[in-house]
Amino acid sequence: MDHPTLITETLLLRPFLPADAPDIFALNADPQVMRFLPKDEVFSSVEAAQEFLLRYLENGKEQQFLRQAVIRKTDGQWLGWCGLKEHPDGAVDLGFRLHAAYWGNGYATAAGAAWVAYGFEQAGLTRMVANAAAGNLGSQRVLEKLGFARAATDDYDEDGFHWLRYQLEKQPVASPGVSVPACWPAPT
C-alpha cells in the first residue's frame, strides 16, 4: 500500500526509510524522550533499530496507516515521527515522538494537524483516538491544541503507566451559508 507524504508550512512527513535507523535509535535512547514511554522500545544498538525498522516497513505494506518521519523543511533535520495507526479493534490513533531538542516549537502540533486533516479529509475517518501518559503534560497539551477531548472512561494502565485516552470526532460539514471554524490547519 502506498503511504502518503504530507507537507506543511514547516515540515515534510514522509514514510520511513531504512536509513532512518540511526535516528530512531537516537530518539529512543534519550531518557527524556522515553520518560513516559515503554522501556522495551529502547534499542540495544543501531543494528537492533535497523532490524525493527525493516520489520515495521515490511509489516506495514498492507496497513493503511503508519507512523512516519518528521523532517524540518528548512534544513532537512530529522525531528522524530508522527502518524496514524490502526489497531485490531478498528480504532485509529494519532501518535508522535520528537527529539527533546525540538519540543516547544510547534512541530508536534503541526505534524499532528496534518495527520488529522489527512485522516478526516483523505482517508475517510470519522473518529480518531490518542493516548498520553498521565504525567506527560506536553503531549496532553498538543492533543488539546489539535481539538482532542478527554475520553476518561477509556483510560487504561499498561507498561507501568496510566494512559489517558483522548478522542476527536470529525465535524459535520456546514450547510451553505453556515460558517464552522476549522479545528486544525489544512496541510499546505
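All of the points below concern the structure found in this document. (Residues numbered from 1 in each chain as written. Predicted model: local features only at pLDDT ≥ 70, side-chain atom pairs only at ≥ 80, totals over all residues. Heavy atoms only, no water.)

### Notes on the overall build of the protein chain
The cut-off we apply is this: The helix and strand labels rest on DSSP assignments: H or I over at least four residues marks a helix, E over at least two residues marks a strand, and numbering proceeds from the N terminus. Atoms counted for the radius of gyration: C-alpha only. Globule rule: 2.2 Å times the number of residues to the power 0.38. By definition, residues are in contact when any of their heavy atoms lie within 4.5 Å. Only the protein chains shown count as covering a residue, and every accessible area follows the Shrake-Rupley method with a 1.4 Å probe. Only four residue types enter the charge count, namely Lys and Arg as positive and Asp and Glu as negative; His and the chain termini do not. Throughout, a charge is located at the NZ atom of Lys, the CZ atom of Arg, the CG atom of Asp or the CD atom of Glu.
Of regular secondary structure, the protein chain possesses 4 helices and 9 strands. For the protein chain, the α and β elements follow one another from N to C terminus as β-β-α-α-β-β-β-α-β-α-β-β-β. Relative to the globule expectation of 16 Å for 188 residues, the C-alpha radius of gyration of the protein chain, 16 Å, shows essentially globular dimensions. Each principal axis of the C-alpha atoms in the protein chain carries an extent, and together these give about 55 × 35 × 35 Å. Long-range pairs, those at least 24 residues apart, make up 61% of the contacts in the protein chain between residues at least 6 apart in sequence. For the protein chain, the accessible area works out to roughly 10000 Å², and carbon and sulfur atoms hold 53% of it. Averaging the positions of the 16 positive and the 23 negative side-chain charges in the protein chain gives two centres separated by 5 Å.

### Considering helix H4 (residues 137-145)
Operational definition: In this scheme, a residue with accessible area under 20% of its type's maximum is buried, one over 50% is exposed, and one in between is partly exposed, where area comes from a 1.4 Å probe on protein chains only. Arc, as used here, means the arc of the directions from the helix axis to the C-beta atoms.
Among the residues of H4, those classed as buried are Ser139, Gln140, Val142 and Leu143. Considered in projection along H4, the buried side chains sweep an arc of 160 degrees and stay on one side of the axis. Against the buried residues of H4 lie strand S5 (92-98), helix H3 (107-122), strand S6 (127-133) and strand S9 (161-169). Within two residues after H4, Gly147 carries a phi angle of roughly 95 degrees, on the positive side.

### Considerations on the nonpolar core
We apply this condition: To qualify as a nonpolar core, a set must consist of buried Ala, Val, Leu, Ile, Met, Phe, Trp, Tyr and Cys residues joined through side-chain atoms within 4.5 Å.
Core analysis: the biggest nonpolar cluster contains 33 residues, and Leu13, Val70, Leu84, Leu94, Trp115, Leu143 and Phe148 have the highest contact counts within it. At the level of elements, strand S2 (11-14), strand S4 (78-86), S5, H3, S6, H4 and S9 are the ones that each hand at least two residues to this core. For this core, the leading source of residues is H3, giving 9 residues. Within the second largest apolar cluster, 19 residues are counted, among which are Ala21, Leu27, Phe43 and Ala100.

### Re the environment of Asp93
Filter applied, for reference: Throughout this description, a polar contact denotes any pair of N or O atoms lying within 3.5 Å of each other; where both atoms belong to protein, one of them has to be capable of donating a hydrogen while the other can accept it, and for residues adjacent in sequence the pair is counted only when both atoms sit in side chains.
Note that Asp93 resides in strand S5. Given the relative accessible area of 5%, Asp93 is considered buried. Sequence separation between Asp93 and Arg165 is 72 residues, and the spatial gap between their C-alpha atoms is 10.0 Å. For Asp93, the contacting residues outside a window of four places in its chain are Arg67, Gly83, Leu84, Lys85, His87, Val129, Ala130 and Asn131. At a separation of 2.8 Å, a polar atom in the side chain of Asp93 contacts the side chain of Arg67.

### Regarding helix H1 (residues 21-29)
Every buried residue of H1 is listed here: Ala21, Ile24, Leu27 and Asn28. All buried residues of H1 lie within an arc of 125 degrees about the axis, which places them on one face of the element. Contact partners of the buried residues in H1: helix H2 (46-59), S4 and S5.

### A word on the packing of aromatic side chains
What counts, and what does not: Under the pairing criterion, centres of Phe, Tyr and Trp rings, with the six-membered ring standing for Trp, must be within 6.5 Å; the plane angle then separates stacked pairs below 30 degrees from edge-to-face pairs above 60, leaving the rest tilted. By definition, being over a ring means that NZ of Lys or CZ of Arg is both within 6 Å of the ring centre and within 35 degrees of the ring normal.
Counted by the stated rule, this structure contains 6 aromatic pairs. Here the aromatic rings of Tyr156 and Trp163 are separated by 6.5 Å at their centres, their planes lie at 20 degrees, and the arrangement is stacked. The exposure class of Tyr156 is partly exposed, given its relative accessible area of 25%. Three or more aromatic residues link up through ring pairs in this structure, and these residues are Phe16, Phe43, Phe52 and Tyr56. Positioned above the aromatic ring of Tyr166 is the side chain of Arg150, whose terminal nitrogen or guanidinium carbon lies 5.5 Å from the ring centre.

### Side note on the pairing of S2
The condition that has to hold: Paired strands, in this sense, are two strands between which DSSP finds at least two bridges.
Two strands pair when backbone bridges link them, and strand S1 (residues 6-7) and S2 are joined in this way by 2 bridges, in the antiparallel orientation. Its bridge partner lying in S2, Leu6 is registered against Leu13. Following S1, the chain reverses through 3 residues before pairing antiparallel with S2.

Worth remembering: the numbers are spatial, not functional.
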